[in-house]
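Observations on the three-dimensional arrangement
The primary structure of each chain is shown beneath.
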Amino acid sequence: TLVREREGGSREKANRTMSSHGNDPRQPSAAKPYVAPVIAPQDLPIDYAGFIAVIFGVAGVMFRYKLSSWLALIFCAQSIANMRNVENDLKQVMMAMMFSLMGLITNYFGPPRPGGKQS
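No experiment lies behind these values; they were computed from the predicted model shown. (Residues numbered from 1 in each chain as written. Predicted model: local features only at pLDDT ≥ 70, side-chain atom pairs only at ≥ 80, totals over all residues. Heavy atoms only, no water.)

1. Re the confidence of the model for the chain
Worth spelling out the cut-off: How sure the predictor is of each residue is captured by pLDDT, a score from 0 to 100. Numbering of helices and strands runs from the N terminus; a helix is a DSSP stretch of H or I covering at least four residues, while a strand is a stretch of E covering at least two.
The predicted model of the chain has a mean per-residue pLDDT of 81, with 78% of residues at 70 or higher. Averaged pLDDT values over the elements of the chain bottom out at 52 in helix α1 (residues 2-21) and peak at 95 in helix α3 (residues 66-81).

2. Concerning helix α4 (residues 86-109)
Inclusion rule: In this analysis, the expected span of each helix is defined as 1.5 Å times one less than the number of residues it contains. Any residue under 20% of the maximum accessible area for its type is buried, any over 50% is exposed, and the rest in between are partly exposed; the area is computed with a 1.4 Å probe on protein chains only. By definition, residues are in contact when any of their heavy atoms lie within 4.5 Å.
With 24 residues, α4 should reach 34 Å at 1.5 Å per residue; the first-to-last C-alpha distance of 33 Å fits that figure. Of the residues making up α4, those classed as buried are Asp89, Val93, Ala96, Met97, Ser100, Gly103, Leu104 and Asn107. In this fold, the buried residues of α4 make contact with α2 (48-62) and α3.

3. A look at unusual backbone geometry
Of note, the phi angle at Arg64 is positive, near 55 degrees, even though the residue is not glycine. Turning to its location among the elements, Arg64 is positioned in the loop between α2 and α3.

4. Observations regarding the packing of α2 against α3
Worth spelling out the cut-off: Axis geometry follows a simple rule: fit a line to the C-alpha atoms, using only the stretch in contact for helices, then measure angles between N-to-C directions, giving values from 0 to 180 degrees. Every angle not falling under 35 degrees, over 145, or within 65 to 115 is termed oblique; those three ranges are roughly parallel, roughly antiparallel and roughly perpendicular. Crossing handedness is defined as follows: a turn of the near helix away from the far one that is anticlockwise and smaller than a right angle gives a left-handed crossing, while the clockwise case is right-handed. Asp, Glu, Lys and Arg are counted as charged, while Ala, Val, Leu, Ile, Met, Phe, Trp, Tyr, Cys and Pro are counted as nonpolar; the rest, among them Gly, fall into the polar class.
Orientation of α2 relative to α3, taken along the N-to-C sense of each, is 160 degrees, at an axis distance of 8 Å. Classified by the interaxial angle, the pair formed by α2 and α3 is roughly antiparallel. Handedness of the α2/α3 crossing: left-handed. Together, Ala49, Gly50, Ile52, Ala53, Phe56, Gly57, Ala59 and Gly60 of α2 and Ser68, Ser69, Leu71, Ala72, Phe75, Cys76, Gln78 and Ser79 of α3 make up the contact between the two elements. Its residues placed into classes, the contact of α2 with α3 shows nine nonpolar, seven polar and no charged.

Quick look at the structure:
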């Protein structure tokens, strides 16, 4: 058993030295830095958070749902955080932001909803 341990130990040492010198298939001189491909603005994926923010913002203003206006504000923040194309996305996000803010202002500071509970 002692002989086997010595042979195994020497084999592992030989394998380590061989793999670190001659058998390594990687070539550091051939390595190139990664360059992300350029994508045209019209080929970018759809900003679903911005679209959902617009829908919730419109629903918050038209139907005077507080929750909808708050959700629109949250989706606006998510869309701003994940913005890829500033030119196109900023218009959509600003529109959704205005709808959500208008909904919040009319819900909290405007007249009460007709047919709602009278306190």
